[in-house]
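# Observations on the three-dimensional arrangement
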Amino acid sequence: MSSLLVWCALLQTLLLVTLRLGDCAIAVDANRTSALEEARLQRENLVRKYLKRLKKEEGALKLVGGRGDFEGNVEIFHAGKWGAICDDEWDQAEAEVVCRQLGFPGHVKPTHTGHFGRAKRKFWMDNLWCGGKEAELTDCRFDGWGANDCESGEAAGVICKQHATDTTTTSKPVPVELKVPKERFSQRLELRLVGGRVEGEGRVEVRIVDGLGGAGPWGSVCGDGWGLLEGNVVCRQLNLGYANNAVQTDFFSDEADGKGLPERVLLSGTECYGNESTLADCLHDPIGWDTVGTCSERKGHVAAVTCVPAMADLVFDHVEMEQSLHLEDRLMYLLQCAMEENCVATQAYEIQRDNPNWHLETRRLLKFTARVVNMGTADFRPHIPKHLWEWHLCHMHYHSMEVFATFDVIDGQGRKVAEGHKASFCLEDNQCLPGVEPRYACANYGDQGISVNCSDIYRHNIDCQWVDISELDFGEYTMRVAINPEFKVPEMRFDNNAATCRLLYTQTYARVFDCKHERP
């Protein structure tokens with residue numbers, strides 16, 4: 001009996017040793033697999049990085065001006081030369097296509113207004129229109145190679161998601177921009193305009209003022225991402241009215257003012273919502289007494305502004321939209337003119353390409369009337385000069401604006417599930433208050449604009465005054481209509497340019513309700 005107990009103890013010991021050895025072997029194999037997988041991912045990322053640098057074939061992309069290969073202004077290779085892309089109609093769909101073409105898993109956000117510096121090359125692309133699923137950016141629709149009306153400060157850019165290099169953790173990599181968050185400045189910033197020809201224009205200079213009245217040296221503001229939202233805050237703080245122009249330039253650096261450009265860049269990464277009282281209330285890269293701001297260009301790339309006392313102010317009439325919104329099923333044969341202006345969903349173009357009887361197919365359109373009122377103190381005029389207006393054969397009039405309005409349907413997760421736009425509006429006085437004489441009309445190459453206390457009305461029976469919802473499931477959504485959504489034309493304020501409403505879509509009808517004004 002005792003010998004049997006001894007044998008049982010020996011067998012148990014051998015079994016435990018075998019199990020422990022097996023566990024060790026599994027752990028070693030797991031560690032080896034993890035190390036091999038990590039090394040493989042690192043090699044893939046390295047190869048992908050250098051392939052992207054060496055790839056100089058038609059339609060190749062690269063990002064410039066960022067703090068890593070995952071961000072920057074987008075440049076595309078065409079006809080043997082690199083060129084920039086304009087930020088007109090640049091949004092999440094285009095950013096997603098760019099990042100996936102470059103080998104990244106997706107995008108963090110698109111950027112506008114030369115966020116990573118001014119465009120230093122010719123613009124190859126303008127008014128891009130992507131569905132988000134395209135394999136390459138050249139598969140999207142655009143105006144044509146080199147056809148554009150953009151300035152150097154309108155460079156489009158992206159911030160892409162980075163590849164995970166450590167398989168032992170499930171946490172997502174944090175972009176550099178989010179590791180050093182922008183902040184509002186707690187101390188007072190004193191402003192001045194320098195180098196202008198009159199009081200209300202010049203480059204923007206700032207200095208820090210402490211609580212005891214002491215002030216630091218004057219410094220410039222980096223021009224990266226500088227636009228009308230920031231310009232309006234500067235003019236408001238200086239009691240000079242409203243920003244008529246906000247530019248990234250060295251135009252006001254003439255030495256005739258006796259000062260020239262300050263060597264110190266005090267503010268960079270300035271980002272305003274538009275309704276702040278002072279520039280210190282806006283977001284900036286971290287700043288302080290001994291901090292020097294970073295800028296994409298070392299010299300001459302500073303923020304400047306021109307202020308005026310009177311300005312237009314557009315307001316979208318959401319009540320008119322609520323009353324006029326309805327559904328209509330229309331044959332694609334009747335949509336050919338609208339398809340030239342990219343006014344239907346991407347799926348419609350796929351049907352046109354693949355189906356020989358495409359003209360017999362129908363699209364479901366969510367139609368409504370858009371009424372825009374100028375409640376400001378000056379006329380609203382297009383920023384494109386009259387000689388650059390585009391003649392549209394379908395509508396038989398000139399188009400003075402490329403992007404005047406956007407229409408988006410958004411689901412509960414905040415994703416755009418349908419969208420439309422008026423890419424080429426014709427601005428005119430359709431309805432004015434009593435005693436106000438209409439001044440602008442589209443016919444006969446007339447001047448275009450919206451007078452004070454007048455409305456421009458695009459009725460629901462006009463081409464492109466809709467959202468193509470043919471692929472949309474029934475349910476409740478959010479609908480947003482935005483006027484002047486890219487802030488290309490100056491206004492008094494922008495927080496009344498968009499209307500956000502609840503949208504109910506059923507098999508037989510659709511309606512919008514609970515609308516409120518906000519910034520695009």
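Bear in mind that the values here come from a model prediction, so they are computed numbers and not experimental data.

### Considering the overall build of the protein chain
Of the regular secondary structure elements, the protein chain holds seven helices and 26 strands. Every one of the 520 residues in the protein chain was classed for burial, and the buried ones make up 48%. Put simply, of all contacts in the protein chain between residues at least 6 apart along the chain, 70% involve residues at least 24 apart. If you sum the accessible surface of the protein chain, you get close to 25900 Å²; carbon and sulfur atoms cover 52% of it.

### Concerning the confidence of the model for the protein chain
Averaged over all residues, the pLDDT of the protein chain is 83; the fraction at 70 or higher stands at 82%. When mean pLDDT is compared element by element in the protein chain, strand β25 (residues 498-505) scores highest at 97, while helix α3 (residues 176-179) scores lowest at 45. Below pLDDT 50 for its whole length, residues 4-8 participates in zero contacts with residues either more than four positions away or in separate chains. Overall, residues 24-28 carries pLDDT values under 50, and its contacts beyond four positions in sequence, including any with other chains, amount to zero contacts.

### Some points on the sheet that holds strand β21 (residues 431-432)
Overall, antiparallel pairing links the four strands, which are arranged β13-β16-β22-β21 in an open sheet. On the outer flanks of this sheet lie β13 (314-316) and β21, each paired with one strand and no other. Direction of pairing for strand β16 (residues 370-374) relative to strand β22 (residues 454-458): antiparallel, over a ladder of four bridges. By the bridge assignment, V373 is partnered in β22 with S455.

### Here we look at the state of the cysteines
Applying the stated criterion to the full structure yields nine disulfides. For C272, the disulfide goes to C282, at an S-S distance of 2.1 Å. Given an S-S torsion of about 105 degrees, the disulfide between C272 and C282 has right-handed geometry. One end of the pair, C272, is in the loop between β11 (265-267) and β12 (302-308); the other, C282, is in the loop between β11 and β12, and ten residues separate them in sequence. For C272, a relative accessible area of 5% puts it in the buried group. Across a sulfur-sulfur distance of 1.4 Å, C426 and C442 are joined as a disulfide pair. Of this pair, C426 sits in the loop between β20 (416-422) and β21 while C442 sits in the loop between β21 and β22, placing them 16 residues apart in sequence. Take C426: its relative accessible area is 1%, and that puts it in the buried class. Residue classification places C442 among the buried residues on the basis of a relative accessible area of 7%.

### A word on the layout of surface pockets
There is about 1000 Å³ of room inside the second largest pocket. G131, G132, K133, K416 and E419 are the residues nearest the centre of the second largest pocket, which is lined by 32 residues in total. Secondary structure elements with two or more residues in the lining of the second largest pocket: α2 (92-101), α7 (346-354) and β20. Per-element accounting of the lining of the second largest pocket gives the leading share, five residues, to α7. Taken together, the residues that form the lining of the second largest pocket break down as ten nonpolar, nine polar and 13 charged. Mapping the lining of the second largest pocket onto the domain boundaries places at least three of its residues in each of domain 1 (60-160) and domain 3 (314-518).

### Brief notes about the pattern of salt bridges
Tallying each qualifying case throughout the model produces 29 salt bridges. The residue R192 makes a salt bridge to E205 at a minimum N-O spacing of 2.7 Å. Remark: E205 occurs in strand β8 (residues 201-209) and R192 occurs in strand β7 (residues 188-195); sequence separation between them is 13 residues. Notably, a salt bridge pairs R502 with E476, separated by 2.6 Å at the nearest N-O pair. You can see R502 sitting in strand β25 and its partner E476 sitting in strand β24 (residues 475-483), a full 26 residues away along the chain. Judged by relative accessible area, E476 falls into the partly exposed class, the value being 45%. Beyond isolated ion pairs, a larger network of salt bridges with shared partners links D87, D88, E154, E486 and K488.

### Here's the deal with empty space enclosed by the protein
One pass over the full model with this rule turns up two cavities of 30 Å³ or more. Roughly 60 Å³ of volume is contained in the largest cavity. Across the lining of the largest cavity, the residue classes tally to three nonpolar, one polar and five charged.

### Here we look at the packing of aromatic side chains
The tally for this structure, following the rule as stated, stands at eight aromatic pairs. With a centroid separation of 5.0 Å and 80 degrees between ring planes, the pair formed by F368 and F407 is classed as edge-to-face. On the criterion of sequence distance, the pair formed by F368 in the loop between β15 (362-367) and β16 and F407 in strand β19 (residues 405-410) is long-range, its members being 39 residues apart. For F368, a relative accessible area of 0% corresponds to the buried category. Put simply, the rings of W124, F142 and W145 pair up and form one aromatic cluster. Positioned above the aromatic ring of W218 is the side chain of R192, whose terminal nitrogen or guanidinium carbon lies 4.1 Å from the ring centre. For the cation-ring pair, R519 lies above Y273, with the distance from its terminal atom to the ring centre recorded as 4.5 Å.

### So, unusual backbone geometry
Note: most residues except glycine have negative phi, and most peptide bonds are trans. Even without being glycine, A79 reaches a positive phi, approximately 55 degrees. With respect to the helices, strands and loops of the structure, A79 is situated in the loop between β2 (71-78) and β3 (81-85). Positive phi is not limited to glycine here, since F487 has a value of about 55 degrees. In this fold, F487 is placed in the loop between β24 and β25. Accessibility expressed as a relative area gives 17% for F487, which makes it buried.

Conventions used here
Residues numbered from 1 in each chain as written. Predicted model: local features only at pLDDT ≥ 70, side-chain atom pairs only at ≥ 80, totals over all residues. Heavy atoms only, no water. Helix = DSSP H or I, 4+ residues; strand = E, 2+ residues; numbered from the N terminus. Buried < 20%, exposed > 50% of the residue type's maximum accessible area, 1.4 Å probe, protein only. Contact = heavy atoms within 4.5 Å. Areas by Shrake-Rupley, 256 points an atom, 1.4 Å probe, with all protein chains shown as cover. pLDDT = per-residue confidence, 0-100. Pairing = 2+ DSSP bridges. Disulfide = S-S within 2.5 Å. 1 Å grid on protein atoms, 1.4 Å probe; cavity = no way out; pocket = protein on both sides within 12 Å on 5 of 7 lines; lining within 4 Å. Points joined across faces, edges and corners; volume = space filled by probe spheres on them. Nonpolar A, V, L, I, M, F, W, Y, C, P; charged D, E, K, R; others polar. Domains from an automatic or database assignment. Salt bridge = Lys/Arg side-chain N within 4 Å of Asp/Glu carboxyl O. Phe/Tyr/Trp six-rings, centres within 6.5 Å; stacked < 30°, edge-to-face > 60°. Lys NZ or Arg CZ within 6 Å of the ring centre and 35° of its normal.

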